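Below are the chains, spelled out letter by letter.
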Amino acid sequence: MSDDGGSDDRDHLTEMFGDLDSLTETQQELSIGTLVKTMESRGVGPFYVLTGMLVTFVGSIPGLPAIAGGLLILLSAQTLRGKRGLWLPHWLRDRAISADTLRSGSHKAQAFAAKLTPFVHERLTWLVTGRGPSRIFAVLTALCGLGMILVGFIPGLPIALSLPLIALGIGLTGRDGVWIIAALALLLPGVVLLTLGL
């Protein structure tokens, strides 16, 4: 892929927040279904980034870490089954979040993503492509989602779980294996602790 193509991939990290801003400008509340549909259009990498950043910057919404965890588990299950798209139960799809709160968190996340973009480059792509890695990532993100559900009520812990999710999403979006390695390094200790806790 050319440098221009790599730049286009990296732009997805910030463009998706523009999509979210457009939605929140005209509505007082945004349903989970609408939010997921917007994230899906960008691909699984941006989905991970946006989910992780919303937990990090908008985590004060009661139940948001658990909702994010549920979305991750559902997406992981469908990835393992070889399905595209994300099916949501009605009760989750219709759950609404304040547009003002989402917009505030989105602006913070967009500024953060813009600072990370220069450090994303296409490298070690063998860690990113293929069905094998995608299945491994699905299992790891499912565990991450489970952790968000179990410890979402404990201040700070959901953010700790969202950091490897953000790194994984950046790696997939920019086809950057270095970020994949960083995600694994951040996630594996949490998975071990979660497994021991269970």
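Once a new chain begins, its residue numbering starts again from 1 and follows that chain's sequence as written. It should be noted that, the model being predicted, local features are given only for residues of pLDDT at least 70 and side-chain atom pairs only at 80 or more, the latter also being counted only at that level, while totals for whole chains, interfaces and linings use all residues. Side-chain metrics in this entry use all non-hydrogen atoms of the structure; hydrogen atoms and water are not considered.

Q: Any details on the packing of helix 3 (residues 44-58) against helix 6 (residues 99-116)? Residues and values, ideally.
A: Contact geometry of helix 3 with helix 6 gives a least axis separation of 9 Å together with a crossing angle of 115°. For the pair helix 3 and helix 6, the sense of crossing is right-handed. Here Met53, Leu54, Phe57 and Val58 of helix 3 lie close against helix 6, whose contacting residues are Thr101, Leu102, Gly105, Lys108, Ala109, Phe112, Ala113 and Leu116. By the convention adopted, Pro, Cys, Tyr, Trp, Phe, Met, Ile, Leu, Val and Ala count as nonpolar, Lys, Arg, Asp and Glu as charged, and the other residues, Gly among them, as polar. Its residues assigned to classes, the contact of helix 3 with helix 6 shows 9 nonpolar, 2 polar and 1 charged. For helices, the fitted line uses only the C-alpha atoms of the stretch in contact; every axis is such a line through C-alpha atoms, and the angle between N-to-C directions lies from 0 to 180 degrees. Secondary structure elements follow DSSP: runs of H or I no shorter than four residues count as helices, runs of E no shorter than two count as strands, and numbering proceeds from the N terminus. By the definition used in this description, the sense in which the near helix is turned from the far one sets the handedness, with an anticlockwise turn below a right angle giving left-handed and a clockwise turn giving right-handed. Pairs of residues are marked as contacts when any of their non-hydrogen atoms sit within 4.5 Å.

Q: Outline the pattern of salt bridges, supporting the account with residue identities and numerical values.
A: A side chain of one charge can pair with a side chain of the opposite charge when the charged atoms of the two come close. By definition, a salt bridge exists where a carboxyl oxygen of Asp or Glu is found within 4 Å of a side-chain nitrogen of Lys or Arg. According to the stated counting rule, one finds 3 salt bridges in the structure shown. Its salt-bridge partner being glutamate 122, residue arginine 175 comes within 3.7 Å of it at the nearest N-O pair. One end of the pair, arginine 175, is in the loop between helix 8 (157-174) and helix 9 (177-197); the other, glutamate 122, is in the loop between helix 6 and helix 7 (131-151), and 53 residues separate them in sequence. When accessible area is computed with a 1.4 Å probe and restricted to protein chains, residues below 20% of their type maximum are described as buried, those above 50% as exposed, and intermediate ones as partly exposed. The class for arginine 175 is partly exposed, based on a relative accessible area of 25%. On the accessibility criterion, glutamate 122 (33% relative accessible area) is partly exposed. With a shortest N-O distance of 2.7 Å, arginine 123 and aspartate 176 are connected by a salt bridge. Here arginine 123, found in the loop between helix 6 and helix 7, pairs with aspartate 176, found in the loop between helix 8 and helix 9; they are 53 residues apart in sequence, far enough to count as distant. Owing to a relative accessible area of 31%, arginine 123 belongs among the partly exposed residues under this scheme.

Q: Run through the packing of aromatic side chains, naming residues and quoting values.
A: Each Phe, Tyr or Trp ring (for Trp, its six-membered ring) is paired with any other whose centre lies within 6.5 Å, and the angle between the two planes then decides the class: stacked below 30 degrees, edge-to-face above 60, tilted in between. Overall, the coordinates contain 2 aromatic pairs when judged by the stated rule. Aromatic side chains phenylalanine 47 and tyrosine 48 sit 6.5 Å apart centroid to centroid with 75° between the ring planes, which places their arrangement in the edge-to-face category. Phenylalanine 47 sits in the buried class, given a relative accessible area of 2%.

Q: Give me the lowdown on empty space enclosed by the protein, citing residues and values where you can.
A: Cavities and pockets are found on a 1 Å grid laid over the protein atoms alone: a cavity is a set of points where a 1.4 Å probe fits but cannot escape, a pocket is an open set with protein on both sides within 12 Å along at least five of seven lines, and a lining residue has an atom within 4 Å of such a point. Grid points are joined across faces, edges and corners, and a volume is the space filled by probe spheres set on the points. Taken as a whole, this structure holds 1 cavity of 30 Å³ or more when the rule is applied. In this structure, the largest cavity occupies an estimated 70 Å³ of space. For the largest cavity, the full set of lining residues is Ile32, Leu35, Met39, Thr51, Leu54, Val55, Leu64, Ile67, Ala68 and Leu71. Contributing elements (two or more residues each) for the lining of the largest cavity: helix 2 (32-40), helix 3 and helix 4 (64-80).

Q: Help me get a handle on unusual backbone geometry, residues and values and all.
A: For leucine 124, which is not a glycine, the phi torsion comes out positive at approximately 45°. Mapped onto the fold, leucine 124 is located in the loop between helix 6 and helix 7. Exposure remark for leucine 124: the relative accessible area of 37% places this residue in the partly exposed category. Located in the positive-phi region is arginine 175, a residue other than glycine, with phi close to 55°.

Q: Any details on a nonpolar patch on the surface? Residues and values, ideally.
A: Exposure above 30% relative accessible area and the lack of any salt bridge qualify a residue for a patch; like charges then connect within 9 Å, and the nonpolar side chains Val, Leu, Ile, Met, Phe, Trp and Tyr within 5 Å. What sets the accessible areas is the Shrake-Rupley method with a 1.4 Å probe; for residues, cover comes only from the shown protein chains. Residues Leu124, Trp126, Val178 and Ile181 make up a contiguous nonpolar surface patch of about 400 Å² in total accessible area. Inspection of the secondary structure puts isoleucine 181 in helix 9.

Q: Give a description of the side chain of threonine 173 that names residues and reports values.
A: With respect to the helices, strands and loops of the structure, threonine 173 is situated in helix 8. Residue class for threonine 173 comes out buried when judged on its relative accessible area of 8%. Contacts described as polar in this section are N or O atom pairs within 3.5 Å, which, within protein, must combine one atom able to donate a hydrogen with one able to accept it, while residues neighboring in sequence count only if both atoms come from side chains. Reaching out from threonine 173, the side chain makes a polar contact with the backbone oxygen of glycine 169 at a distance of 2.7 Å.

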